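# Understanding the architecture of this molecule
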Amino acid sequence: MEQDITFLLVYYADLIISIIMPLATLVFGFIIAFNKVRSTRTLGLNFIFVSVNALISSILHVTMHIMSEVDLSRSTLPLIITLSICSLAATLFLCMFFHKNYGKKLYLPIFLIAILGWLADRIVTVVIAKQMDPSKPDILWVNLISVVDSFMISAAIAVVVIIVFAKNRDKEKVIPQAWLVRLIVLIWGFLHITALCFVYNSVIDSGKYIVSTDMGYMFLRIADSTSLIIFPLYVLASVLGSSKKMTNGDGSVLSR
């Protein structure tokens, strides 16, 4: 009985946090995008599209349990298109930030990483899926491989972003510690994906879902949802601090 209550608490915490964190990030994005500190406005727009992407994914995760297969299949294509548009828009505004503030044109390398990574993921997933029996637990490896591929794409882009932030930290007046915060988020993501592999492996070895692994998966989802807000929260705090200095008459704050 106690285990059932704990499971329900974790289950609802997962649902609530997976919605609250993207919504909070969305609000932060709007505040940053329309703040008087101009240099970080494109980052605010980036956060808006990242949060919309995460919010749609979370809503889809919730509705998967209550929608019929027919309704779910009908909504899949529009959602995939919307998620792709949001992802591309978020990437574009991130590149615009580096171009505008540091003179770094990262459009080609970052978009190449995203597009080639996405194509590689689709090819690998399709090839492996065709060789597996859908009725067996091994099909979970397809899901895991897709998740790992997505993380590797994000990690590759994150490394580029961290390097550029680190090289320009001395002349950055608003978010000089951005490289460190992004590094922490990347390490968090690495630990998350490592733990997720253990959870999937436990399910595959046992041949069935059990409460402990299911709870482990939900805890990891909570951790992943929480990590979404770390960098936007840092940028928001820095922007509000810089905005206060500008209000007090400190003209040294950049408004690029």
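Residues numbered from 1 in each chain as written. Predicted model: local features only at pLDDT ≥ 70, side-chain atom pairs only at ≥ 80, totals over all residues. Heavy atoms only, no water.

## Side note on the side chain of Ser238
Here is the rule: The secondary structure listing takes helices from DSSP runs of H or I that are at least 4 residues long and strands from runs of E that are at least 2 residues long, numbered from the N terminus. Counting of polar contacts relies on pairs of N or O atoms within 3.5 Å, with two restrictions inside protein: one atom must be capable of donating a hydrogen and the other of accepting it, and residues adjacent in sequence are counted only when both atoms are side-chain atoms. Throughout, a residue-residue contact means that at least one pair of heavy atoms, one from each residue, lies within 4.5 Å.
Summarising the element assignment, Ser238 is placed in helix H8 (residues 230-247). Here the side chain of Ser238 touches Tyr234 through a polar contact of 2.9 Å, landing on its backbone oxygen. In contact with Ser238, other than residues within four places in its own chain, are Val174 and Ile175.

## Considering H8
Applied cut-off: Given a helix with a known number of residues, its expected span is that number minus one, times 1.5 Å. The rule is simple: take the accessible area with a 1.4 Å probe, protein chains only, and divide by the maximum for that residue type; under 20% is buried, over 50% is exposed, in between is partly exposed.
Compared with an ideal rise of 1.5 Å per residue, which puts 18 residues at 26 Å, H8 spans 26 Å between its outermost C-alpha atoms and is within 8% of the ideal. Buried within H8 we find Phe231, Pro232, Tyr234, Val235, Leu236, Ser238, Val239, Ser242 and Ser243.

## A word on a nonpolar patch on the surface
Just so we agree on the cut-off: Residues with no salt bridge and a relative accessible area higher than 30% make up the patches, which join like charges within 9 Å and nonpolar side chains (Val, Leu, Ile, Met, Phe, Trp, Tyr) within 5 Å. Surface accessibility follows the Shrake-Rupley procedure with a 1.4 Å probe radius. Residue values consider only the protein chains on display as shielding. We count a salt bridge whenever a side-chain nitrogen from Lys or Arg sits within 4 Å of a carboxyl oxygen from Asp or Glu.
A cluster of nonpolar side chains, namely Leu108, Leu112, Ile115, Leu116, Trp118 and Leu119, defines an oily patch on the protein surface of about 600 Å² accessible area. Looking at the element boundaries, Ile115 is found in helix H4 (residues 107-130). Judged by relative accessible area, Ile115 falls into the partly exposed class, the value being 43%.

## Here we look at the packing of aromatic side chains
How two aromatic rings sit relative to each other is given by the distance of their centres and the angle of their planes. The line we're drawing: Two aromatic rings from Phe, Tyr or Trp, using only the six-membered ring of Trp, form a pair when their centres are within 6.5 Å; if the ring planes differ by under 30 degrees the pair is stacked, by over 60 it is edge-to-face, and anything between is tilted.
Summed over all chains, the structure comprises 11 aromatic pairs. Taken together, a centroid distance of 5.3 Å and an interplanar angle of 75° make the contact between Tyr11 and Tyr12 edge-to-face. Looking at Tyr11, the relative accessible area reads 27%, which means it is partly exposed. Taken together, a centroid distance of 6.4 Å and an interplanar angle of 80° make the contact between Tyr102 and Phe165 edge-to-face. Of this pair, Tyr102 sits in helix H3 (residues 69-102) while Phe165 sits in helix H5 (residues 140-167), and the two are 63 residues apart along the sequence.

## A word on the side chain of Arg221
Note that Arg221 resides in helix H7 (residues 211-227). The buried category is assigned to Arg221, whose relative accessible area is 17%. Side-chain polar atoms of Arg221 contact the side chain of Asp14, separated by 3.1 Å. Those residues in contact with Arg221 that sit more than four places away from it in its chain are Asp14, Ser18 and His61.

## Looking at the confidence of the model for the protein chain
The test is simple: For every residue, the predictor states its confidence as a pLDDT score lying anywhere from 0 to 100.
On average, residues of the protein chain score 82 in pLDDT, and 79% of them are at 70 or above. In the model of the protein chain, H7 stands out as the element of lowest mean pLDDT, 77, in contrast to H8, which has the highest, 91.

## Comments concerning the pattern of salt bridges
Summed over all chains, the structure comprises 1 salt bridge. Its salt-bridge partner being Arg221, residue Asp14 comes within 3.1 Å of it at the nearest N-O pair. Here the residue Asp14 occupies a position in helix H1 (residues 2-33), and Arg221 occupies one in helix H7, the gap between them amounting to 207 residues. Residue Asp14 shares its accessibility class with Arg221, and that shared class is buried.

## Some details on the environment of Ala114
With respect to the helices and strands, the residue Ala114 is situated in helix H4. For Ala114, the contacting residues outside a window of four places in its chain are Ile153 and Ile157.

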